[in-house]
There are 2 protein chains.
Amino acid sequence: MRVPPGVSAKDFAAAVKKFEAAVGKKWVFTDEDDVKLYRDAYSPFLGEEDEEIVAAAAVAPDSTEQVQAVMRIANEYKIPIYPISTGRNLGYGGSAPAYSGSVVLDLKRMNRVLEVSERNAYALVEPGVSYFDLYRYIQDKGYKLWIDCPDPGWGSPIGNALDHGAGYTVTPYRDHFDAHCGMEVVLANGDVVRTGMGALPGAKTWQQFKYGFGPFVDGIFSQSNFGVVTKMGFWLYPEPEAYREGVVNVFNHDDIIPLVDGMAYLMNAGIMNSSTLLNSPLRFAAARDQELAALLLRTDDEAKKQLNAKAAEMKVPFWSSMLKFYGPEKVIAAQWEHAKERFSKIPGVSFSEGQSWRFPLTKEQIAKARDENDLGIPSLSIFSIGARSALNPNPTHGHLWFSPVIPMTGEAIIESQRVLAQAFKDMGQQPTVNVFPQSYHARTFVILVGFPITEDPEKNKKTRDVFRHMVKVAADHGWAEYRTHTAFMDDCMAAYSFNDHALLRLHETLKDAIDPNGIISAGRYGIWPKHLRKT
Amino acid sequence: MRVPPGVSAKDFAAAVKKFEAAVGKKWVFTDEDDVKLYRDAYSPFLGEEDEEIVAAAAVAPDSTEQVQAVMRIANEYKIPIYPISTGRNLGYGGSAPAYSGSVVLDLKRMNRVLEVSERNAYALVEPGVSYFDLYRYIQDKGYKLWIDCPDPGWGSPIGNALDHGAGYTVTPYRDHFDAHCGMEVVLANGDVVRTGMGALPGAKTWQQFKYGFGPFVDGIFSQSNFGVVTKMGFWLYPEPEAYREGVVNVFNHDDIIPLVDGMAYLMNAGIMNSSTLLNSPLRFAAARDQELAALLLRTDDEAKKQLNAKAAEMKVPFWSSMLKFYGPEKVIAAQWEHAKERFSKIPGVSFSEGQSWRFPLTKEQIAKARDENDLGIPSLSIFSIGARSALNPNPTHGHLWFSPVIPMTGEAIIESQRVLAQAFKDMGQQPTVNVFPQSYHARTFVILVGFPITEDPEKNKKTRDVFRHMVKVAADHGWAEYRTHTAFMDDCMAAYSFNDHALLRLHETLKDAIDPNGIISAGRYGIWPKHLRKT
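Let's shift gears to the overall build of chain A. When helices and strands are counted, chain A shows 15 helices and 21 strands. Radius of gyration (C-alpha) of chain A: 24 Å, near the 24 Å computed for a compact globule of 535 residues. Reported as C-alpha extents along the three principal axes, the dimensions of chain A are approximately 75 × 55 × 50 Å. Put simply, chain A has 535 residues, and 63% of those count as buried. Surface accessibility of chain A: about 19,800 Å² in total, with carbon and sulfur atoms responsible for 51%. A distance of 2 Å separates the average location of the 57 positive side-chain charges in chain A from that of its 64 negative side-chain charges.

If you want it as structure tokens, here you go:
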């Protein structure tokens, strides 16, 4: 039996006995084979046993009361605890702790959908509920409600929201933390708190009014290690009447600027209330055109001119953006018409229609959907991106996500492409920057770069170095990560250094007050308990 | 010179000298006549000098650095400090502190609009900036941007957002705290923190991406006493093309249920993205019909039947709801059409058109607008409600707002009317419940009841008793306040008592950690520093 750091073998054995009494013997895992299952499936330390961050044990409670009991025991023996919901945060650390030797608090058994109100369009769930679970529950009841899900449907609405994840339908639902309403949280000492209106016994609006009375504390339990969230409410989107896609195509390099301005206007004005799919068909065409591929690697004005000529000659758009509209058929038709009017100011612009649906869909229609996530249907189809296929004979062992936030402007896209490509070159790497920024959040883009994990420890080491270099380069340009893998949390937080790291110091002040023994998720988002803090 | 409680006269004199050195002698107010100006203009203690909560002095810094200096001095001498922005939170405490003898930190001099981006539709402002200031700034620059303002335009965007105020245009802008993005906060020890992306030096998205990295702490600085907010970003609404109003009229008592369900659906689905004006024309008609007025006071089924008959006979709607649509002309026409289709299922429903505008407006058009606030134009017209007029020969000396949150359902409206009317009767009062709940927040109603302040201390005392009684009655039914006057913050917070007041205990834990000397806004939202806490 592995023992957590800073805990004596005797104390740990005593604590394990108490954990067993609290949750049942079969729900406390100390065998190496069992504990191995909590390793990060996409670990950047693959093949480096000494570097790998692993759990010492795991405990799986079934109720808030059991979570309280576990926390009281852990607090008594000062045992580091690492709560996970479904443990599927792949690319960002998965089910492995941030501090090696922690005991994983596995909340998968707490998988109850506690309430769904069709009339008031909300759900109250436990952390072990997955997007699949919630979707199935709603389908079984026949409710005309949608969920908003991130790429992999096996994740947890609570876990994803707490890590500031995003999805693909409409605002505010697609910002998963913003779409939450009310929490129940177990603190390090085992005390249970309900936030918002949940603090009012018999409250009628716990899942309807976010703020409650007094300081709005919910945010401090996201991307942190201040408590264990055991219940959370979410606002749901009433099933829209229809959906349609419209594609805007532009043919010059610099058209990205008015294209993005138009997108941002439509989003900020609520006329196009979803994310868009920004693309460069010209770059796709480079796969079959070596001359084009070579030109795309250059950043000088002459290359730009030649690329514009190429795009015109090939009749392939330099950039395209797919807009998605949800709502009554006549409304979304008018919205798309309005969007086309706006974009028609860009010389040479062309438009094409994408998919269009009227809800509810049959199974056959769902099978034809371009992307189920856009329709609020969870799936695992994202995993095809790294899988072995005819086009990809060398599948990776997973990936790390580098995800800096940049302004929602064409200039920022052009500049970040240039800067990040250069940074890759400086590190001796092929520039593999994803040229298609994601409009995950309301007013910014996220540049999402996947760094592959391999079986070669040397390559993984190099990847980690490159990752850290990219974090610094991005920060030098005023861009920083909205989320990161546990292995790089200190690096990313270090960039947020205004006034001698005043924000991190505030986080630490809160940490010391709420979790004085520092037992919860040491190191998460760069917040270490006092006894492990570097001075 | 009045001296704050718990501070020696000698220490206070020394501190005042230091305040003067920090901000300039003319910006430190200790003369009784000057300090009197910080009294609550709508005080529920009017005429009770011993009960009145008053400031001991005031300090008005001009910059973040001066705020830091003042806080350092206050922290050194343990002087209670009460920050206000424009001090216009009338009905909720105004510019007076929550703890008598506090030194008001008056931020009115910090009235700089630091940045407005038309392209990315945001503003960065200081706390002394009023809605009028920001509106004028935008008009002067000719930017096609709207602000969203609460009733009185002299308030502060920062102050209002921090007190969870709301306005009248569209989501998310009309929820003022939700529409903020990024903060600068001076802590009790004088340290300055920037939240969100502001913690990244040279950040390009401080006003565009809310969460930053790690715990999202902004919420703890709202409705609290944990810091002094010195800068805040706000998202702005790009000027819409057009506006139109549509009124839905229903003629039976119970039609309020499908009427509200329809409203809630349109809001939750984003088809009608604003607040509505819910009304009862039949109740207005009772002013000229005594038989009708008597019937409206009854709650039995027979009365309901007779009222329905009256409404039919008089052709006056029992209830009506005005929907507001903002956006491209064709889009909002389609939205109103869709809304009418939905509501047409209610038997006997009728529709009428309200105002309709295409922007920008001329001055003449603005003068004709039903309500400037709906068009993002700040005003002071709300003050006509209590003023002397032909209809109101006895103006009040202000009012207290009782503002419990109820579910957005017709049943909740009917029940809250009945319960609150009974509670008024039980206290020997004429039931004066405002029958028209406000849809200030996304998924709930606020029942807004104004309690008048008079020159008669006995009446004011009675009003305070009734107010406290109403808070309890509301809590017993699962409804509680989203905001309250400083005099009733303890009462309101006491209702949020789940698990032995776990939420308040969490607030206190945070308070003790961030402001260990307890110098900021003692008592605000029921949070007292350790040395003043009731055990």
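The subject of this paragraph is the pairing of strand β14 (residues 319–327) of chain B. The side chains of a regular strand alternate, residue by residue, between the two faces of the sheet. All names here are of chain B. Among the nine residues that make up β14, nine are buried, leaving the element largely enclosed by the rest of the structure. Alternating residues of β14 divide into W319, S321, L323, F325 and G327 and S320, M322, K324 and Y326, and every residue in both groups is buried. Of the pairings in the sheet, the one linking strand β12 (residues 242–250) to β14 comprises nine bridges and is antiparallel in character. Bridge pairing in β14 links N249 to S320. In the sheet, strand β13 (residues 277–279) pairs with β14 via three bridges, with the strands oriented antiparallel. Across the sheet, residue L278 finds its bridge partner in β14, namely S321.

Let us look at the interface of chain A and chain B. In this complex, chain A contributes 98 residues to the contact, which on the side of chain B involves 98 residues. For the chain A and chain B pair, buried surface summed over both sides reaches about 8,000 Å², with 65% attributable to carbon and sulfur atoms. Ranking the residues of chain A by area buried against chain B places F213, R443 and F498 of chain A at the top, with a combined share of 12%. One can count 37 residue pairs in polar contact (both at pLDDT 80 or more) joining chain A with chain B. Mapped onto the side of chain A that touches chain B, the elements with two or more residues apiece are β9 (192–194), β11 (237–238), α6 (256–268), α10 (329–343), β17 (404–407), β21 (480–481), α14 (489–495) and α15 (498–514) of chain A. Split into classes, the residues belonging to the side of chain A that touches chain B amount to 55 nonpolar, 27 polar and 16 charged.

Right, let's get into the side chain of Q208 of chain B. You can see Q208 of chain B is positioned in the loop between β9 (192–194) and β10 (228–235). The contact partners of Q208 of chain B, leaving out residues within four places of it in the chain, are P407, R443 and T444 of chain A together with N120, Y122, C181 and W235 of chain B.

Turning our attention to the environment of M267 of chain B. All names here are of chain B. Tracing the backbone through its elements, the reader meets M267 in helix α6 (residues 256–268). Taking C-alpha positions, M267 is 43 Å from N189, a pair spaced 78 residues apart along the chain. Each residue touching M267, except ones within four places of it in the same chain, is listed here: R174, M272, S274, T276, M408, S439 and A442.

All names here are of chain A. Here E52 lies in the loop between α2 (32–36) and β2 (57–59). Although buried, E52 forms no salt bridge, and the nearest oppositely charged side chain, R39, lies 4.2 Å from it. A polar atom in the side chain of E52 sits 2.9 Å from the side chain of S43. Excluding its chain neighbours within four sequence positions, the residues that come into contact with E52 are R39, S43, F45, L46 and S100.

What the rule picks out here adds up to 72 salt bridges over all chains. Across the pair K108 of chain A and D106 of chain A runs a salt bridge whose closest N-O atoms are separated by 3.0 Å. Taking the shortest distance from any N to any O, the salt bridge between R370 of chain B and D374 of chain B comes out at 2.5 Å. Given the relative accessible area of 3%, D374 of chain B is considered buried. A single network of salt bridges, built from pairs that share partners, joins R244, E337, K340 and E353 of chain A.

Residues and elements named next belong to chain A. Taking strand neighbours across the sheet as the criterion, the four strands line up as β13-β14-β12-β15 in an open arrangement whose pairing is antiparallel. Unpaired on one side and paired on the other, β13 (277–279) and β15 (350–358) mark the two borders of the sheet. Here the average twist between neighbouring strands, direction ignored, is 15°. Packed onto the sheet, α6 meets β12 (242–250), β13 and β14 (319–327) and runs at close to 10° relative to β14.

Residues and elements named next belong to chain B. The residue H501 is located in helix α15 (residues 498–514) in this model. H501 sits in the partly exposed class, given a relative accessible area of 27%. Taking the C-alpha atoms as reference points, H501 and S352, separated by 149 residues in sequence, lie 49 Å from one another. Those residues in contact with H501 that sit more than four places away from it in its chain are A494 and Y496.

Conventions used here
What you see as residue numbers is a count from 1 along each chain, following the sequence as written. A letter from A marks each chain and a number from 1 marks each ligand, given out in the order of writing. Given that the model is predicted, a residue must reach a pLDDT of at least 70 before its local features are reported, and side-chain atom pairs must reach 80 or more before they are shown or counted; all residues, however, enter totals for whole chains, interfaces and linings. To get the side-chain values, all heavy atoms of the structure are used, and hydrogens and water are removed first. Numbered from the N terminus, helices here are DSSP runs of H or I no shorter than four residues, and strands are runs of E no shorter than two. Radius of gyration here uses only the C-alpha atoms, and the compact-globule reference equals 2.2 Å multiplied by the residue count raised to the power 0.38. Exposed residues in this analysis have more than 50% of their type's maximum accessible area, buried residues have under 20%, and partly exposed residues fall in between, with area computed by a 1.4 Å probe over protein chains only. In short, Shrake-Rupley with a 1.4 Å probe defines the accessible areas, and a residue's cover is counted only from the protein chains shown. The charged-residue count follows a simple rule in which Lys and Arg add positive charge and Asp and Glu add negative charge, with His and chain termini not counted at all. Here the site of a charge means atom NZ of a Lys, CZ of an Arg, CG of an Asp or CD of a Glu. Should DSSP find at least two bridges between two strands, the strands are taken to pair. Should any heavy atoms of two residues lie within 4.5 Å, those residues are considered in contact. A simple way to read buried area is as the amount of 1.4 Å-probe accessible surface that goes missing from two parts once joined, with both sides added. What qualifies as a polar contact is a pair of N or O atoms within 3.5 Å, subject to a donor-acceptor requirement within protein and to the restriction that residues adjacent in sequence count only when both atoms come from side chains. Nonpolar residues are Ala, Val, Leu, Ile, Met, Phe, Trp, Tyr, Cys and Pro. Charged residues are Asp, Glu, Lys and Arg, and all others, Gly as well, are polar. Here, a salt bridge means any Lys or Arg side-chain nitrogen found within 4 Å of an Asp or Glu carboxyl oxygen. To obtain an axis, a line is fitted to C-alpha atoms, over the contacting stretch when the element is a helix, and the angle between two such axes runs from 0 to 180 degrees between their N-to-C directions.

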